[in-house]
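Chains, contacts and geometry: an overview
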Amino acid sequence: MDYQLPKGTFDILPAFEKEPWQRSAVWQFLEEVLRNTAQDFGFREIRTPIYERSELFQRSVGETSDIVTKEMFTFLDRGGRSLSLRPEGTASVIRAFLEHNLSQKAHVHKFFYCGPMFRYERPQSGRYRQFHQFGVEAIGAKDPAQDAEVIDLLCEIYRRLGLPKIIVQLNSVGDAESRQNFREALQNHLRPHFSVLSPESQLRFEKNPLRILDSKDPKDIELLAHAPSIQNFLSPASREHFDAVCRYLTQNDITYELNDKIVRGLDYYTNTVFEVTSSALGAQNAIGAGGRFDGLISSLGGPNLPAVGFALGMERALQTLLASQAVIPEETGPLLYLLPLGEEARSACFRVATACRRQKISAEVDFYSKKIQTGLQQAIRLKATLCAVVGSEELLKKTAQIKHLENHTQEEVPFEEISTYCKRFLSV
Ligand code: AMP
């Protein structure tokens, strides 16, 4: 065939897909846990378009960031306007928040979002050009308890998904004052070794030295081992905020590790930053990350409102769950599989199926199998629970032989009692 998936994308398919994380049942399970947990914490869903005016991302994610300079899918519409597929979720949430004047309506707004994001990434394992994120944003929330609540939500999600052994890594990048002081100290530490820094870190040295802490280059990591810690440069206000977050986490039995190398890639973070990691996929893999971004809303022309949130990559969450042998529910089959043998039986079965479906009983009719054996095999393959066989004899009596596929018992049931029979079966 001439048509194939575009590079960096994938299909999500029913159970016959060989990569378990690409099965629709595991996506449905993940999405349900994410939605329910967020709602239990008082977060409500927001859905925004998958594309926005390009300037929104340039302003919020940052003109010089890798995402904006190298990874955005940007195009002109027929009216000549520059639009971009969203590379992340926060910017659109804030755009919608400002556009609908929500700050007038309540002190705090707690949102969650879930959907596809787009980044033109180099093809590599685990990175896609269309991938999915779930995220939350608490807007208007300056209290350190809100930071702790957001972190607890992320932990609770993984608990409910069946991955309890996760590690919360916590840091503070302070406020502007803290960062200014730290920036100088970090530059002073690295300056004598400038020539051996990775080319990327050399570029960051003047523009954004904090981002050097994100480097994965082994030589950089070695040089950073004895670098000053931002923890020693926090302003009194930032120190107080961070200590309060730690206190709330401890009070709520949320264990965390201090990791002063976490700064997060985006420039708009202030004070709290965190990552949640699991060892299931190998070395130090973040399965969710976020922080506080108090300056972002005002920088987009809105009021001076604080906010805190996180995002998690759903592909990685699923791959981690599967690698750690967490129990993920399998796709369920129909309760009732109707197997007519012959033309007339088929229309009788169709009518029975319709009656069942009107009562929310999942039913499927086999319109194709000619022999009982192939029909039964099909019922088993689809993971049906009951199989109602209607041959010419049953048709005369207006009954079906209902086979219980698990224990191989069988009962004869009149057509008009089949839906009640199924309901009774479900209730026991
Ligand atoms: P970020 O928005 O860059 O902080 O990423 C948050 C999470 O989204 C990461 O931890 C990844 O799990 C996921 N993610 C980001 N980019 C991609 C991508 N291109 N493909 C798959 N997952 C991604």
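Residues numbered from 1 in each chain as written. Predicted model: local features only at pLDDT ≥ 70, side-chain atom pairs only at ≥ 80, totals over all residues. Heavy atoms only, no water.

Focus on the overall build of the protein chain
Our working rule: Strands are runs of DSSP state E lasting at least 2 residues, helices are runs of H or I lasting at least 4, and numbering of each runs from the N terminus. Only C-alpha atoms enter the radius of gyration, while the globule expectation follows 2.2 Å times N to the 0.38, with N the number of residues. Note on classification: 1.4 Å probe, protein chains only; a residue is buried when its accessible area is under 20% of the maximum for its type, exposed when over 50%, partly exposed between these limits. Two residues qualify as a contact provided that any one of their heavy atoms is within 4.5 Å of a heavy atom in the partner residue. Methods summary: accessible areas were calculated by the Shrake-Rupley approach with a probe of 1.4 Å, and residue burial reflects only the protein chains presented. The sign given to each residue is positive for Lys and Arg and negative for Asp and Glu; His and the chain ends receive no count. Charge coordinates come from a single atom per side chain, which is NZ of Lys, CZ of Arg, CG of Asp or CD of Glu.
The helix and strand tally for the protein chain stands at 15 helices and 16 strands. Its C-alpha radius of gyration of 28 Å places the protein chain more than 25% over the 22 Å reference for a compact globule of 428 residues. By its C-alpha atoms, the protein chain is 90 × 55 × 45 Å across when sized along the principal axes. Relative to its full complement of 428 residues, the protein chain shows a buried share of 49%. Considering only contacts within the protein chain whose residues lie at least 6 apart along the sequence, 66% involve residues at least 24 apart. Accessible area of the protein chain: about 22500 Å², with a carbon and sulfur share of 51%. Charged side chains in the protein chain number 51 positive and 54 negative. The centres of these two groups are separated by 3 Å.

Brief notes about unusual backbone geometry
For asparagine 271, which is not glycine, the phi torsion reads 55° and is therefore positive. One can find asparagine 271 in strand 9 (residues 270–278). The backbone of glutamine 325 shows a phi angle near 60°, a positive value even though the residue is not glycine. With respect to the helices and strands, glutamine 325 occurs in the loop between helix 11 (314–323) and strand 12 (336–340).

Topic: the environment of glutamate 99
Take glutamate 99: it is sitting in helix 4 (residues 90–99). Here glutamate 99 falls in the exposed class, since its relative accessible area comes to 55%. Residues glutamate 99 and phenylalanine 73 lie 26 residues apart in sequence; the distance between their C-alpha atoms is 24 Å.

A word on the layout of surface pockets
Quick reminder of the rule: Using only the protein atoms, space was sampled on a 1 Å grid; points where a 1.4 Å probe fits but cannot get out form cavities, open sets with protein on both sides within 12 Å along at least five of seven lines form pockets, and lining residues are those with an atom within 4 Å of a point. Grid points are joined across faces, edges and corners, and a volume is the space filled by probe spheres set on the points.
Quantified by volume, the second largest pocket comes out at close to 310 Å³. Lining the second largest pocket, in full, are Thr64, Ser65, Asp66, Thr69, Lys70, Glu200, Leu203, Arg204, Lys207, Asn208, Arg211 and Asp267. Broken down by secondary-structure element, the contributors of at least two residues to the lining of the second largest pocket are helix 3 (66–71) and helix 7 (199–207). Per-element tally for the lining of the second largest pocket: the top contributor is helix 7, with four residues.

Side note on the site of the ligand
Stated formally: For each residue, the test is whether any non-hydrogen atom lies within 4 Å of the molecule or strand; if one does, the residue is near. For this analysis, a polar contact is any N or O atom pair within 3.5 Å, provided that within protein one partner can donate a hydrogen and the other can accept it, and provided that sequence-adjacent residues contribute only side-chain to side-chain pairs. Here the term charged refers only to Asp, Glu, Lys and Arg, the term nonpolar to Ala, Val, Leu, Ile, Met, Phe, Trp, Tyr, Cys and Pro, and the term polar to all other amino acids, Gly among them.
All residues in the neighbourhood of the ligand are listed as Arg119, Glu121, Gly126, Arg127, Tyr128, Phe131, Gln133, Arg264, Ala286, Gly313 and Arg316. One nitrogen or oxygen atom from the side chain of glutamate 121 is found 2.8 Å from a nitrogen atom belonging to the ligand. Arginine 127 places a polar side-chain atom, nitrogen or oxygen, 3.3 Å from a nitrogen atom of the ligand. Protein coverage of the free-state accessible area of the ligand, which is 480 Å², stands at 86%. Residue classes in the shell around the ligand are distributed as three nonpolar, three polar and five charged.

As for the packing of helix 2 (residues 54–61) against helix 4
Which entries qualify depends on this criterion: The axes used here are C-alpha line fits, helices contributing only the stretch in contact, and every angle between their N-to-C directions lies in the interval 0 to 180 degrees. Note on terminology: angles under 35 degrees are roughly parallel, angles over 145 are roughly antiparallel, angles of 65 to 115 are roughly perpendicular, and the others are oblique.
At a closest axis distance of 9 Å, the pairing of helix 2 and helix 4 adopts a crossing angle of 110°. Here helix 2 is positioned roughly perpendicular relative to helix 4, judged by the angle of their axes. Of the residues in helix 4, those in contact with Leu56, Phe57 and Ser60 of helix 2 are Ala91, Ser92 and Arg95. Classifying every residue of the contact of helix 2 with helix 4 gives three nonpolar, two polar and one charged.

Observations concerning the nonpolar core
Counted only if it meets this: To qualify as a nonpolar core, a set must consist of buried Ala, Val, Leu, Ile, Met, Phe, Trp, Tyr and Cys residues joined through side-chain atoms within 4.5 Å.
Formed by 92 residues in total, the largest nonpolar core has its most connected members in Phe43, Phe134, Ile139, Tyr158, Phe310 and Leu312. Among the elements that line this core, the one with the most residues is helix 5 (residues 144–161), at nine residues. With residues near it in sequence (within four places) discarded, isoleucine 139 still touches Val93, Ile94, Phe97, His107, Val108, His109, Phe111, Ile297, Leu305, Pro306 and Ala307. Leu338, Val365, Ala388 and Ile402 belong to the second largest nonpolar core, which has 22 residues in total.

Considerations on the sheet that holds strand 4 (residues 82–85)
Let me state the cut-off plainly: Strands are treated as partners if at least two bridges between them are detected by DSSP.
Strand order in the open sheet formed by three strands is 2-4-3, and the pairing between neighbours is antiparallel. Both outer strands of the open sheet, strand 2 (51–53) and strand 3 (74–76), are each paired with one neighbouring strand and no more. The mean angle between the axes of side-by-side strands here comes to 35°, regardless of whether they run parallel or antiparallel. On the sheet, helix 2 packs against strand 2, strand 3 and strand 4 and is oriented at approximately 80° with respect to strand 2.

Here's the deal with helix 5
Heads up, the rule is: Take the residue count of a helix, subtract one, and multiply by 1.5 Å to get its expected span.
When the terminal C-alpha atoms of helix 5 are compared, their 26 Å separation across 18 residues agrees well with the 26 Å that a helix rising 1.5 Å per residue should span. Of all the 18 residues making up helix 5, 13 are buried; the element is thus mostly covered by neighbouring parts of the structure. Where helix 5 begins, one side-chain oxygen reaches toward the backbone nitrogen of alanine 145, 2.7 Å away; that side chain belongs to aspartate 143. Just downstream of helix 5, glycine 162 is the residue with a positive phi angle, here 95°.

Concerning the sheet that holds strand 15 (residues 399–404)
The mixed open sheet is built from five strands, whose spatial order is 13-12-14-15-16. Both outer strands of the open sheet, strand 13 (363–365) and strand 16 (410–414), are each paired with one neighbouring strand and no more. Shown here is a sheet whose adjacent strand axes are inclined to one another by a mean of 25°, direction ignored. Summarising the sheet, strand 14 (residues 386–390) and strand 15 pair through four bridges and their orientation is antiparallel.

Structural notes on the pairing of strand 14
Counted residue by residue, strand 14 has five buried out of five residues, so it is predominantly covered. Here strand 14 shows no split at all, with Leu386, Ala388 and Val390 on one side and Cys387 and Val389 on the other all buried. Where strand 12 and strand 14 come together, five bridges link them in parallel fashion. Following the sheet pairing, leucine 336 is matched in strand 14 by leucine 386.

Quick notes on the pairing of strand 4
Bridge count between strand 2 and strand 4: three bridges; the pairing is antiparallel. Bridge pairing in strand 4 links tyrosine 51 to leucine 85. The hairpin turn running from strand 3 into strand 4, its antiparallel successor, is five residues long, and glycine 80 in that turn takes a positive phi close to 80°.

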